[in-house]
Protein chains: 2
Amino acid sequence: MAFGFECLRAFRDELKAKGADIARTAKKVGKDDPRRVIHSLKVGLALTLISLYYYFQPLYDGFGVDAMWAVLTVVLVFEFSVGATIGKLVNRIAATLSAGALSVGVHRLATLSGETGEAILLAFFVFLVGSVVTFTRFYPALKARYDYGLLIFLLTFCMVTVSGYRDDDLFEIAHKRLSTVIIGSFTAVVICVCICPVWIGADLHKSVVNNMEKLGDFLEEFGAEYFATSEDTEQRNDKSRLEGYKSVLNSKTTEENMANLARWEPCHGRFSRQCAYKLDALYCYLSSEIKACIYRIKNEGYLIDQFGADLLTQRPAEIESKIREPCMIICSECGKALKELAGAIRRSNLHSPPVSRIEFSKAAVENLKCTLNSQPLWEDVEDVLDVIPVVAVASQLIGVVSCVEKIAGAVNE
Amino acid sequence: MAFGFECLRAFRDELKAKGADIARTAKKVGKDDPRRVIHSLKVGLALTLISLYYYFQPLYDGFGVDAMWAVLTVVLVFEFSVGATIGKLVNRIAATLSAGALSVGVHRLATLSGETGEAILLAFFVFLVGSVVTFTRFYPALKARYDYGLLIFLLTFCMVTVSGYRDDDLFEIAHKRLSTVIIGSFTAVVICVCICPVWIGADLHKSVVNNMEKLGDFLEEFGAEYFATSEDTEQRNDKSRLEGYKSVLNSKTTEENMANLARWEPCHGRFSRQCAYKLDALYCYLSSEIKACIYRIKNEGYLIDQFGADLLTQRPAEIESKIREPCMIICSECGKALKELAGAIRRSNLHSPPVSRIEFSKAAVENLKCTLNSQPLWEDVEDVLDVIPVVAVASQLIGVVSCVEKIAGAVNE
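Residues numbered from 1 in each chain as written. Chains lettered and ligands numbered in written order. Predicted model: local features only at pLDDT ≥ 70, side-chain atom pairs only at ≥ 80, totals over all residues. Heavy atoms only, no water.

Asker: Outline the overall build of chain A, supporting the account with residue identities and numerical values.
Answerer: Looking only at helices and strands, one finds 18 helices and zero strands in chain A. Each of the 413 residues in chain A was classed as buried or not, and the buried ones make up 53%. Taken as a whole, chain A presents about 19,000 Å² of accessible surface, with 62% of it coming from carbon and sulfur. (Helix = DSSP H or I, 4+ residues; strand = E, 2+ residues; numbered from the N terminus. Buried < 20%, exposed > 50% of the residue type's maximum accessible area, 1.4 Å probe, protein only. Areas by Shrake-Rupley, 256 points an atom, 1.4 Å probe, with all protein chains shown as cover.)

Structure (structure tokens):
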């Protein structure tokens, strides 16, 4: 008996811990992007609205059981961003229309040839269309934008063709289905666009800005950390900004996806002037430049990973002290220039390039080149292999300056 | 009239060109992976089989219009690989079951409170479940593996709840729907597994091996290209092997996805011994090592991008000629060692590590270190900035050797 209570208590505690864990995750998910909560409520609202078709007698009499397709459409079409929702809407309606037309045609053709012939012919067409459409989904160009449409095309074609074999009022089936799909789609789109819309184009824009800022942070922090004197190192322990570059490197797939979805969105608000395509092109350029910049700095991945004490002590102090100043200037000025550019994009005020910072960096580059080529620098080097990393970083920084200059040019355009 | 013919001819020519283009893409898509053609035929076959339920009277009498759900299930569940299909099957059945149970429960609860009360209560539950499930889909852990299941859960819940308001034989609806979903799912899985199955675990395995081989090729080619004398350069023009590393770097997302799907697959064939999880772990280690290796070499991205003449002439010949030999040895031996390891994994014969090659590379590293530290090397350097890239590459190669050694160790385990 006592053991049973013990077990029960343990179970209760475990359940409590699990519940607390779920609540914590929920809070985090909601806090990371509060629009997620709003989106969830919007989906709930759309579903409730659409189920009203069912509860009210007059509406129900019009569509009957087919009203269910409206519910299905809302669940499948309603996406987080406006771009994704519109993309799915267009895909779904176009696919439903064309598949409906094709299956009506196929059905007409099949009815010309007796009872058995009809079944065989319909089965053959289902096989043919099923195979061809499935194969088409492997086309890379179609997969990126029309995968959902192809799926719905296949689905609608099979369902209408197959059910048409039994029901002879095929036109009515196709018509009812299309109307319910349209009702569902428009309910989803209207709620998605009218209540706190999430524009994926704006998100993409934000992502560029964030990546630039992260890069700027990274540069500043890198300079301060890598070329710090040993007293400095003990004071600074916040390396989170150095981690930022990792998420920038892995953002490629997500961003391509976002750019694909953003094409479905109409131009709106402050983006009306630049068309989505133009933003895309500018964006792609910036993004690749930012990444080139990071790769350039990150040349010794392990240097950054195992950052800090062990490498700092290995580096020969003589050379480092001579090149420290110009390197730190380059890092901090380029970092600040990038952050200013990011701020300019954010405010949509693209006409204040940080010319002075870039000029200042260029002067530091000249200074660095002179120092590296001066004979005394190399006199008391003991192990060349120890010097190479720090000198290589310095030479990379020279490349970074020209890269930042290019980014500034692109932003000005 | 003549103009009309002209237009028609132009249109015909354009259509022809378009058709040829589509055919060419189709051929390419099929050639890249012939299993795609087989997969398409398999989907066609599954759809044809499932539509037989409709054509044969006795089967039709059992399920009626609901047989359509079987068609829908085949279209939605049938995926390219076994892992993905089983994943969707499990998700779909579990979601349908639990959503059906929940909606029956909700319906019972709602009927307790009059006609109007029922509609309000049902609408409220649709809103609640819709919001909560949509929010749950944002959980990163659930999104990776159960996103489809959550979607189907929401779909089934809404459809059964809403249609239950009209039809009172809710149990029969739920039961019919579940049976048709099960029939559809199993048809899809049986055809997917029995006819030329595509195991995603095997694909993942192949992807590791390919990446290792690409890296090996890259190393060999890099050594031959980068440290080539000017006469050599004119002879070799095939740089496609150098491009290989790019696809390796961008493979991360695809591979994570594959690893996720591979977990659904049962252990089979030659993979039965190592469980999928173990393969995953080994794989992740190898993959990150390979990438670290590439980043290490790729330290000057622009060096490789603008590879060739312009950089080769800039490099000071004196230093290069002195370090050329050990560097070329490291590149070719490490490249070959990696390719041998890849071959060993491919043959599932993991017990022949290329020890001699690694030892040979290590000797070359010692040689390189000595050369770099010898005083005469640095005497007649004019511009240090010209020397840094080539010396940095040499120092990176030293890191590559230890990286390849680690990979060999991991493969042996």
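Asker: Go over the packing of aromatic side chains with me, naming the residues and quoting the values.
Answerer: All names here are of chain B. The full count for this structure, using the stated rule, is six aromatic pairs over all chains. Taken together, a centroid distance of 6.3 Å and an interplanar angle of 85 degrees make the contact between F135 and Y139 edge-to-face. Accessibility expressed as a relative area gives 15% for F135, which makes it buried. Its end group placed over the ring of Y148, K88 keeps NZ or CZ at 4.5 Å from the ring centre. (Phe/Tyr/Trp six-rings, centres within 6.5 Å; stacked < 30°, edge-to-face > 60°. Lys NZ or Arg CZ within 6 Å of the ring centre and 35° of its normal.)

Asker: Which residues make up the packing of helix α2 (residues 35–55) of chain A against helix α4 (residues 68–77) of chain A, and what are the values?
Answerer: Residues and elements named next belong to chain A. The N-to-C vectors of α2 and α4 enclose an angle of 170 degrees; their axes lie 9 Å apart at closest approach. Classified by the angle their axes make, α2 and α4 are roughly antiparallel. Along the contact surface, α2 presents A46, L47, I50 and Y54, while α4 presents M68, A70, V71, V74 and V75. The residue makeup of the contact of α2 with α4, split by class, is nine nonpolar, no polar and no charged. (Axes fitted to C-alpha atoms, helices over the stretch in contact; angles between N-to-C directions. Parallel < 35°, antiparallel > 145°, perpendicular 65-115°, else oblique. Contact = heavy atoms within 4.5 Å. Nonpolar A, V, L, I, M, F, W, Y, C, P; charged D, E, K, R; others polar.)

Asker: Give me the lowdown on the environment of N367(A), citing residues and values where you can.
Answerer: Residues and elements named next belong to chain A. Inspection of the secondary structure puts N367 in helix α17 (residues 355–373). You can call N367 partly exposed: its relative accessible area is 40%. Considered as a pair, N367 and K28 are 339 residues apart in the sequence and their alpha carbons are 48 Å apart.

Asker: A description of the nonpolar core should follow, citing residues and the corresponding values.
Answerer: With 100 residues, the main nonpolar core has L47(A) and L47(B) as its most contacted residues. Setting aside residues no more than four positions away along its own chain, L47(B) makes contact with V126(A), G130(A), L154(A), C158(A), V71(B), V74(B) and V75(B). (Core = buried A, V, L, I, M, F, W, Y, C linked by side-chain atoms within 4.5 Å.)

Asker: Pulling in residues and values, what's your account of the pattern of salt bridges?
Answerer: In total, this model carries 26 salt bridges over all chains according to the counting rule given. For the salt bridge of R357(A) with E333(A), the shortest nitrogen-to-oxygen distance reads 3.2 Å. Taken together, the residues span a long stretch of sequence, with R357(A) in helix α17 and E333(A) in helix α16 (residues 317–346) at a distance of 24 residues. Residue classification places E333(A) among the buried residues on the basis of a relative accessible area of 10%. Ionic pairing is found between E220(B) and K339(B), a salt bridge with its closest N-O pair at 2.7 Å. One end of the pair, E220(B), is in helix α9 (residues 200–226); the other, K339(B), is in helix α16 (residues 317–346), with 119 residues separating them in the sequence. Residue classification places K339(B) among the partly exposed residues on the basis of a relative accessible area of 26%. Salt bridges sharing partners connect three or more residues here, namely D33(A), R35(A) and D203(A). (Salt bridge = Lys/Arg side-chain N within 4 Å of Asp/Glu carboxyl O.)

Asker: Which residues make up the environment of L76(B), and what values do they have?
Answerer: For L76(B), the location among the structural elements is in helix α4 (residues 68–77). Residues L76(B) and V29(B) lie 47 residues apart in sequence; the distance between their C-alpha atoms is 22 Å. Setting aside residues no more than four positions away along its own chain, L76(B) makes contact with L151(A), K88(B), R92(B) and Y148(B).

Asker: Quick one: what's the story with unusual backbone geometry, residue by residue and with numbers?
Answerer: Residues and elements named next belong to chain A. With phi around 40 degrees, C196 is a residue other than glycine that occupies positive phi space. With respect to the helices and strands, C196 occurs in the loop between α8 (170–194) and α9 (200–226). By relative accessible area, which is 44% here, C196 ends up partly exposed.

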